[in-house]
Amino acid sequence: MSDVNFTESDTKWNNLQNLKKLLNDGLITKTEYSVRRNQLIDELTGTSLTTLAASQYKRRRGSSASDNVSNVPAIIPKPPPDFINFPAEKSIKYTYDLKTRTWTQQEVNLKLDTVPFSRGSLRVVYHMEMEETDKDKDREVVPGEAKNRFVAKISMNPSDNKNTKVYFRDVETQTIAKYYAEKFNQYHPPKKVDFIKACVLELIQREGNPIVGVEKFIPGPYRKHNSNYGYVSDEERNTPQAFSHFSWEASDHTLLVCDIQGVGDLYTDPQIHHISGEGFGKGNLGMAGISKFLQKHRCNAICRYLKLPQLGNKVSDIGTIPTTRLMALNNIQIVTMVQQAGAQLHSQTAVLPVLKRQVVVDSTKEHTRCSRCSIL
């Protein structure tokens, strides 16, 4: 046990050093550095600095909104609650279609928890229950997913909440990553990969019509396999690392899908680096991020099976190994993708505002009526 704890602590201290280098190289902002640094210190010391840091940022005179981290609500780790007594509310659901490069919208009903259960370096996460549309019901069920259970993610950075296209670009990025995962699976690797389908919600019954990112809630241990700047997990699993390598080769050396994380091989919140350095959000480090991955990557048995060009001098034969050394095809096919800029709707506040009016639905009687619609 002590060896494991030492390894985890050692990795986190190394991550702190790498984080400082990212700041010095101008690849992340001071805000992003401070938030991630505090999170790593929390993990190392068992304390909680993030809320205090947020309040300190807010009190600084002369700092702009883009340099601030909004007040972070208390985080209470917990499973999805019983939503039976939660108020229902209406929202507009925006879904991205990669084939047509268009967004579609429809009205849905949902119930949202009042307290976030988790946070990352940039977002807080709430449990949510949402009715599934007819289109959702027809799709293939993801192993481990709970019916009607979702998570809503909202940025802790006020500038993201005013510039809501960030949420739409995150969904576009995840959709493109999902497309590359489908192409990866066509070559029958030992383990298939996938990305959770994501969407955007506009909460029309809350002050300011806030925008949140949404995806299915998947229970299970959450793991981060690599980052957008060269970090590789101590486990160094073959499948996620080979998938990132695959995306670089399949895109004809134009983009790289990285920051691979999730439950098992069901991933979420990826980052895409593009050689142009444009699009795909603030985490797109362009060739700097791509080069870092290429330097750190160790090809493994799945890279060899896919006949990907070898990076480095040695192929690792540890971990998942295909039953066949090499696939039958001569090489993988090139995939071309074009990102379309996300839409921008309304400005929003960083922490979810309360409902304008609680809506209680009864099977026999209408208790209240939403000011925006005539259904409830």
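Residues numbered from 1 in each chain as written. Predicted model: local features only at pLDDT ≥ 70, side-chain atom pairs only at ≥ 80, totals over all residues. Heavy atoms only, no water.

What's the story with helix 7 (residues 238-250) in this structure? I'm lost.
Owing to its 3.6 residues per turn, the α-helix brings residues three or four apart onto one side. With 13 residues, helix 7 should cover 18 Å at 1.5 Å per step; its first-to-last C-alpha distance of 18 Å lies within 8% of that length. Among the 13 residues that make up helix 7, 13 are buried, leaving the element largely enclosed by the rest of the structure. Just downstream of helix 7, Asp-252 is the residue with a positive phi angle, here 60°. (Helix = DSSP H or I, 4+ residues; strand = E, 2+ residues; numbered from the N terminus. Expected span 1.5 Å × (residues − 1). Buried < 20%, exposed > 50% of the residue type's maximum accessible area, 1.4 Å probe, protein only.)

Any chance you could explain the nonpolar core here in plain terms?
Soluble globular proteins: nonpolar side chains tend toward being buried together. Residues Met-128, Leu-201, Val-214, Phe-243, Phe-246 and Leu-306 are the most contacted members of the largest nonpolar core, which totals 58 residues. Residues in contact with Phe-246, not counting those within four places in the same chain, are Tyr-180, Lys-183, Phe-184, Tyr-187, Leu-306, Leu-308 and Ile-332. Of all hydrophobic cores here, the second largest spans six residues; its members include Leu-22, Leu-23, Tyr-33 and Leu-285. (Core = buried A, V, L, I, M, F, W, Y, C linked by side-chain atoms within 4.5 Å. Contact = heavy atoms within 4.5 Å.)

Would you mind going over the pairing of strand 4 (residues 123-130) with me for this structure?
Look at any regular strand and the pattern is simple: side chains alternate between the two faces of the sheet. When you tally the buried positions in strand 4, you get six out of eight residues, the bulk of the element. The sheet contact formed by strand 2 (residues 102-112) and strand 4 spans three bridges and is antiparallel. By the bridge assignment, Leu-110 is partnered in strand 4 with Met-130. In this structure, strand 3 (residues 118-119) lies alongside strand 4, joined through two bridges in antiparallel fashion. Paired with Arg-119 across the bridge in strand 4 is Val-124. Hairpin remark: strand 3 followed by strand 4, antiparallel, with three residues in the connecting loop. Sheet topology places strand 4 next to strand 5 (residues 149-155); seven bridges connect them, and they run antiparallel. Bridge pairing in strand 5 links Glu-129 to Arg-149. (Pairing = 2+ DSSP bridges.)

Help me out: how do you make sense of the pairing of strand 2 in this one?
By the bridge criterion, nine bridges tie strand 1 (residues 89-97) to strand 2 in an arrangement that is antiparallel. By the bridge assignment, Lys-93 is partnered in strand 2 with Gln-106. Remark: four residues form the turn of the hairpin made by strand 1 and strand 2, two consecutive strands paired antiparallel; Arg-101 in that turn has positive phi of roughly 55°.

What am I meant to see in the pattern of salt bridges here?
Applying the stated criterion across every chain, the model contains 13 salt bridges. Among the ionic pairs, Glu-129 bridges to Arg-149, the shortest N-O distance being 2.6 Å. Pair noted here: Glu-129 is in strand 4 and Arg-149 is in strand 5, with a separation of 20 residues, a long-range link. Overall, the relative accessible area of 22% leaves Glu-129 in the partly exposed class. Residue classification places Arg-149 among the buried residues on the basis of a relative accessible area of 19%. Taken together, the shared-partner salt bridges in this structure form one network comprising Lys-153, Glu-215 and Asp-269. (Salt bridge = Lys/Arg side-chain N within 4 Å of Asp/Glu carboxyl O.)

Explain the environment of Ile-176 here, please?
Assignment of secondary structure puts Ile-176 in helix 6 (residues 165-185). Residue Ile-176 is classed as buried on the basis of its relative accessible area of 1%. It is 9.0 Å that separates the C-alpha atoms of Ile-176 and Val-257, two residues lying 81 residues apart in sequence.

Quick question: what am I supposed to make of helix 8 (residues 286-296) here?
Within the sequence span of helix 8, burial applies to Gly-286, Gly-289, Ile-290, Lys-292 and Phe-293. Along helix 8, the residues classed as buried sweep out an arc of 160° about the axis, all on the same side. (Arc of directions from axis to C-beta.)

Mind showing me how you'd approach the sheet that holds strand 12 (residues 266-267) here?
Within a sheet, neighbouring strands are paired by backbone hydrogen bonds and run either parallel or antiparallel to one another. Taken together, four strands build an open sheet; the order of strands is 6-12-11-9 and the sheet is mixed. Whereas interior strands pair on both sides, the edge strands pair on one side only; in this sheet they are strand 6 (194-195) and strand 9 (222-224). Of the pairings in the sheet, the one linking strand 6 to strand 12 comprises two bridges and is parallel in character. By the bridge assignment, Phe-195 is partnered in strand 12 with Tyr-267.

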